[in-house]
Amino acid sequence: MPTWLLMIVIVLGSIVGFVLLWLTVAKIVRKLWHFPAPAFIGRFLDSGYRRSVQPADKVVSRSGISQGMKVLEVGCGSGAYTTFVARAVGPRGKVYALDIQPGMLAQLERKLRKPENRDIKNVELVEASAYGTPFTDSSFDLVYMITVLQEIPDRQKALKESFRVLKPSGILAVTEFFPDPDYPLKKTTVKLAQKAGFQVDEVQGSFWNYTARFIK
Ligand SMILES: C[S@@+](CC[C@H](N)C(=O)[O-])C[C@H]1O[C@@H](n2cnc3c(N)ncnc32)[C@H](O)[C@@H]1O
């Protein structure tokens, strides 16, 4: 093998090895300790690179988000997908972006103030826990969570709260992404939602990146 080819193999092998090691260590740490993703990772979550591998239009269409809907985003983080959803529901719709960490909401607030997002007037930020939201029963068309559910220690409590605030036949959309240290298999997500009273509508996407949609 020529030296240049050997060098490429060594460099690529090191990168792949490092990524696998990081994922393994991160997954073990997350299994042992439950804590919300720290606010400083907000900038990595809200990156163009992430959306190139987990595209916003796919997340929106797989979730069943459409014009005029009143939507609750649980665990919005820095808002990597919030602006896309706000535009998808349009001026007749509304997005309530909820997160337990003020540091994450502050990043979304700054994002919404940017000139390119000044057209967005239908997002309201809510600092609250997924366990107890300040909304009345049966008030949302759709609740969605992107790489959030497994981060919440009592998932049943959070899912039951989503169930409560959804209108009859409302949609719950759970999106998961393999690089997330908390990533669960599709069947794990389906079992959790069914246990909370939801019926499976459709599960779309690959092993690595999927959205499971449920009906109340
Ligand atoms: C990995 S981040 C994902 C953020 C965003 N959904 C995204 O995909 O970029 C998970 C988010 O869930 C929030 N979170 C964790 N536990 C929560 C809880 N019990 N109630 C509300 N939000 C929570 C964290 O603060 C964090 O912003």
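In case you missed it, the structure is sitting above this.
A. The arrangement of the environment of Val19 in detail. By the secondary structure assignment, Val19 is in helix 1 (residues 3-32). Along the sequence, Val19 and Pro179 sit 160 residues apart, while their C-alpha atoms lie 9.4 Å from each other.

B. Examining the sheet that holds strand 6 (residues 199-205) more closely. The seven strands lie next to each other as 3-2-1-4-5-7-6, forming an open sheet whose pairing is mixed. Only two strands of the sheet have a single partner each, and these edge strands are strand 3 (123-127) and strand 6. Within this sheet the neighbouring strands show an average axis-to-axis angle of 20°, counted without direction. Taken together, the three bridges between strand 1 (residues 70-74) and strand 4 (residues 140-146) define a ladder with parallel strand orientation.

C. Here's a closer look at helix 5 (residues 82-89). Extensive coverage of helix 5 is indicated by the burial of six of its eight residues. For helix 5, every residue scored as buried is listed here: Thr82, Thr83, Val85, Ala86, Ala88 and Val89. Where helix 5 is buried, its residues touch helix 4 (56-63), strand 1, strand 2 (94-99), helix 6 (102-113), strand 3 and strand 4. Just downstream of helix 5, Gly90 is the residue with a positive phi angle, here 70°.

D. Here's a closer look at the site of the ligand. Surrounding the ligand, one finds 21 residues, the nearest of these being Arg50, Gly75, Asp99, Gln101 and Ile146. A distance of 2.6 Å is found between an oxygen atom of the ligand and a side-chain nitrogen or oxygen belonging to Arg50. Protein chains bury 97% of the 590 Å² of accessible surface belonging to the ligand in isolation. Classifying every residue of the shell around the ligand gives 13 nonpolar, five polar and three charged.

E. Structural context of the packing of aromatic side chains. Across all of its chains, the model carries 11 aromatic pairs by this definition. Note on Phe178 and Tyr183: the rings are 5.2 Å apart at their centroids and 65° apart in plane angle, and the pair reads as edge-to-face. By relative accessible area, which is 21% here, Phe178 ends up partly exposed. Owing to a relative accessible area of 11%, Tyr183 belongs among the buried residues under this scheme. With centroids separated by 5.3 Å and ring planes inclined at 90°, the aromatic side chains of Phe207 and Trp208 adopt a geometry described as edge-to-face. Taken together through their ring pairs, the aromatic side chains of Phe178, Tyr183, Phe207, Trp208 and Tyr210 make up a single cluster. Directly above the ring of Phe140 sits Lys70, whose terminal nitrogen or CZ lies 5.0 Å from the centroid. The ring of Tyr131 carries the charged tip of Lys157 above its face, separated from the ring centre by 5.0 Å.

F. Seen up close, the pairing of strand 2. With respect to burial, strand 2 is a largely interior element, five of its six residues being buried. One ladder, built from five bridges, connects strand 1 with strand 2; its direction is parallel. From the neighbouring strand, Val71 faces strand 2, where its bridge partner is Val95. A crossover links strand 1 with its parallel partner strand 2, the connecting element being helix 5, and its sense is right-handed. Note that strand 2 and strand 3 share five bridges and pair parallel.

G. Highlighting the pattern of salt bridges. Taken as a whole and assessed by the stated rule, the structure comprises nine salt bridges. A salt bridge links Arg164 to Asp137; the nearest nitrogen and oxygen atoms lie 2.7 Å apart. Residue Arg164 is located in helix 7 (residues 155-165), and its partner Asp137 is located in the loop between strand 3 and strand 4; the two are separated by 27 residues in the primary sequence. Arg164 sits in the partly exposed class, given a relative accessible area of 26%. Here the salt bridges share partners, and the residues they tie into one network are Asp46, Arg51 and Lys111.

What counts, and at which threshold
Residues numbered from 1 in each chain as written. Predicted model: local features only at pLDDT ≥ 70, side-chain atom pairs only at ≥ 80, totals over all residues. Heavy atoms only, no water. Helix = DSSP H or I, 4+ residues; strand = E, 2+ residues; numbered from the N terminus. Pairing = 2+ DSSP bridges. Axes fitted to C-alpha atoms, helices over the stretch in contact; angles between N-to-C directions. Buried < 20%, exposed > 50% of the residue type's maximum accessible area, 1.4 Å probe, protein only. Contact = heavy atoms within 4.5 Å. Near = heavy atom within 4 Å. Polar contact = N/O pair within 3.5 Å; in protein donor to acceptor, adjacent residues only side chain to side chain. Areas by Shrake-Rupley, 256 points an atom, 1.4 Å probe, with all protein chains shown as cover. Nonpolar A, V, L, I, M, F, W, Y, C, P; charged D, E, K, R; others polar. Phe/Tyr/Trp six-rings, centres within 6.5 Å; stacked < 30°, edge-to-face > 60°. Lys NZ or Arg CZ within 6 Å of the ring centre and 35° of its normal. Right-handed = clockwise from strand over helix to strand, strands pointing away. Salt bridge = Lys/Arg side-chain N within 4 Å of Asp/Glu carboxyl O.

These values are about where atoms sit, not about what they do.
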